[in-house]
Amino acid sequence: MTITKDMTIGNLLRENELIAPILMRAGMHCLGCPASQAESLEEACMVHGIDCDTLVSQINEILADK
């Protein structure tokens, strides 16, 4: 599966257990917040000042290696 920036945080967390630690290391410590579950990865990146394209690439690289 390829991760895209329009996927919601909730879907990402349900999709693969490796994604939560990646997002936490990137600075997204609000993964348990109910509001974050419906946010897209792109929206969450904007809120946290994270370059979404870079994060998506990093996630996909890590998942490809597993």
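Calculation notes
- Residues numbered from 1 in each chain as written.
- Predicted model: local features only at pLDDT ≥ 70, side-chain atom pairs only at ≥ 80, totals over all residues.
- Heavy atoms only, no water.
- Helix = DSSP H or I, 4+ residues; strand = E, 2+ residues; numbered from the N terminus.
- Expected span 1.5 Å × (residues − 1).
- Buried < 20%, exposed > 50% of the residue type's maximum accessible area, 1.4 Å probe, protein only.
- Arc of directions from axis to C-beta.
- Contact = heavy atoms within 4.5 Å.
- Polar contact = N/O pair within 3.5 Å; in protein donor to acceptor, adjacent residues only side chain to side chain.

Trainee: Which residues make up helix H4 (residues 52-65), and what values do they have?
Mentor: For H4, which comprises 14 residues, the first-to-last C-alpha distance of 20 Å matches the rise-based estimate of 20 Å (1.5 Å per residue) to within 8%. Of all the positions in H4, only Cys 52, Leu 55, Val 56, Ile 59, Asn 60 and Leu 63 are classed as buried. Looking down the long axis of H4, one finds its buried residues gathered within 130° of arc, a one-sided arrangement. In this structure, H4 carries Glu 61, Ala 64 and Asp 65 as exposed residues pointing more than 90 degrees from its buried face. Looking at the packing, one finds that the buried side of H4 touches helix H2 (19-26) and helix H3 (41-48). The opening residue of H4, the one whose side-chain oxygen lies 3.2 Å from the backbone nitrogen of Asp 53, is Asp 51.

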